[in-house]
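Observations on chain architecture
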Amino acid sequence: MSGSLATEDFEFLRRVVLDDAGLVLDPEKTYLIDRHLVPLLRRSGHASIPALLDDLRRNPRGPLRLQVVEAMTTNETSFFRDAMVFESLRSAVIPELLRTRRASRELNLWCAACSSGQEPYSVLILLREHFPELASWRIRYVVSDLSQEMLQRTRDGIYSRLEVARGLPPALLAKYFDAHGEQSFQVKPELRRALDVRCINLVADWPQLPTMDVVMIRNVMIYFEVPTKRRILQRIKSLMARDGFLFLGTAETPRLLVDDFVRANAYGCYQLCGV
Ligand SMILES: C[S@@+](CC[C@H](N)C(=O)[O-])C[C@H]1O[C@@H](n2cnc3c(N)ncnc32)[C@H](O)[C@@H]1O
């Protein structure tokens, strides 16, 4: 058990995070609890994690609950994370959609669990770089996360030197970002305006969403239990166009969870069978 965290505190926190976000706390990795909650202590003014959890127990429906759940999420991300995924978007998926949607000239994309926004901005940059013809299409790009802090970061599109050094080629930095102070960069306004940033908790009700041509839900379902993954994939299946594309993280697969998704002819990507 982590430093000072008693079994009943761990159990209480485990339940809150599971109920509210579907996230499974690994009892073997309780050191992660300190890493996630100590920064929150500084903001909330609690003297310790047990004191924070006591407060939450007394006010189970107050604003602290959301802060604790958000703090327990893992927000690791980077620009063009898993380069092969972006290569398959460039070489296979978008060319195919350009062909099949040429009559409607409409594309609907969803990046679920977008964290601080590097993933959707990487997609937008790829579209701008390689598919200028899309400028005259109607593109709806819903990007969502559970964490308000991550959504605000996505809207702001401000990244440190370290963050842009992780995956963003210098030429693309120069073309699509403005300097923001000495040490950071901000995504140009026209790219920021292209995102429809929404708070969507994958384990709660989803808002009305359009039929999606591409869904990227990467590196989040690894934290969920099997029935939760199955439910989410079912919902995505009913939301996707019959010939749409689903991208999962490299350690994730729909196999044994939902029938009908098969590997597409593109890396990291699935389609409904029979397409
Ligand atoms: C590891 S990041 C993945 C970011 C990005 N998709 C990538 O692959 O680089 C996981 C994200 O999932 C979000 N998340 C966790 N539980 C969620 C839930 N129940 N609903 C929506 N987002 C959730 C977290 O806030 C975090 O930003």
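Residues numbered from 1 in each chain as written. Predicted model: local features only at pLDDT ≥ 70, side-chain atom pairs only at ≥ 80, totals over all residues.

Comments concerning the nonpolar core
Counting 54 residues, the largest nonpolar core has Val-93, Cys-111, Val-215, Ile-217, Leu-246 and Cys-269 as the members making the most contacts within it. Once you skip the residues sitting within four places of it in the chain, Cys-269 turns out to touch Ser-88, Val-93, Phe-245, Leu-246, Phe-247 and Ala-264. Within the second largest apolar cluster, 17 residues are counted, among which are Leu-25, Leu-52, Leu-56 and Leu-146. (Core = buried A, V, L, I, M, F, W, Y, C linked by C-beta atoms within 7 Å. Buried ≥ 20, exposed ≤ 12 C-beta atoms within 10 Å, placed from the backbone. Contact = placed C-beta atoms within 7 Å.)

Quick notes on the domain arrangement of the protein
You can read the domains of the protein as domain 1 (7-71) and domain 2 (83-158 + 187-272). Of the residues lining the interface, 5 residues belong to domain 1; the matching set on domain 2 comes to 11 residues. The residue inventory of the side of domain 1 that touches domain 2, partitioned by class, reads 3 nonpolar, 1 polar and 1 charged. (Domains from an automatic or database assignment. Nonpolar A, V, L, I, M, F, W, Y, C, P; charged D, E, K, R; others polar.)

A look at the environment of Phe-12
Following the sequence through the fold, Phe-12 ends up in helix α1 (residues 7-21). On the neighbour-count criterion, Phe-12 (17 C-beta atoms within 10 Å) is partly exposed. (Helix = DSSP H or I, 4+ residues; strand = E, 2+ residues; numbered from the N terminus.)

Digging into the sheet that holds strand β3 (residues 158-160)
Spatial strand order, β3-β5-β4: 3 strands in an open sheet with antiparallel pairing. Single-partner strands in this sheet number two, and they are β3 and β4 (177-180). Sheet twist, expressed as the mean angle between neighbouring strand axes with direction ignored, is 35°. (Pairing = 2+ DSSP bridges. Axes fitted to C-alpha atoms, helices over the stretch in contact; angles between N-to-C directions.)

Some thoughts on the site of the ligand
Taken together, 24 residues surround the ligand, and among them Thr-73, Thr-77, Ala-113, Ser-115 and Leu-146 come closest. Counted by class, the shell around the ligand contains 9 nonpolar, 10 polar and 5 charged residues. For the shell around the ligand, the domains that each give at least three residues are domain 1 (7-71) and domain 2 (83-158 + 187-272). (Near = placed C-beta within 6 Å.)

With respect to the sheet that holds strand β8 (residues 240-248)
With mixed pairing, 7 strands are arranged side by side in an open sheet as β6-β2-β1-β7-β8-β10-β9. If you trace the sheet from one side to the other, it starts and ends with β6 (196-199) and β9 (261-263), each paired once. Mean inter-strand twist for the sheet, computed between neighbouring axes without regard to direction, equals 25°. Note that strand β7 (residues 212-217) and β8 share 5 bridges and pair parallel. Residue Val-214 lies in a different strand from β8, and its bridge partner there is Phe-245.

Concerning the packing of helix α2 (residues 31-44) against helix α4 (residues 63-71)
Taken N-terminus to C-terminus, the directions of α2 and α4 make an angle of 145°; their axes are 9 Å apart at the nearest point. As α2 runs across α4, the sense of the crossing is right-handed. Contacts from His-36, Leu-37, Leu-40 and Ser-44 in α2 reach Leu-64, Gln-67, Val-68 and Ala-71 in α4. When grouped by side-chain class, the residues that make up the contact of α2 with α4 number 5 nonpolar, 3 polar and no charged. (Left-handed = near helix turned anticlockwise from the far one by under 90°.)

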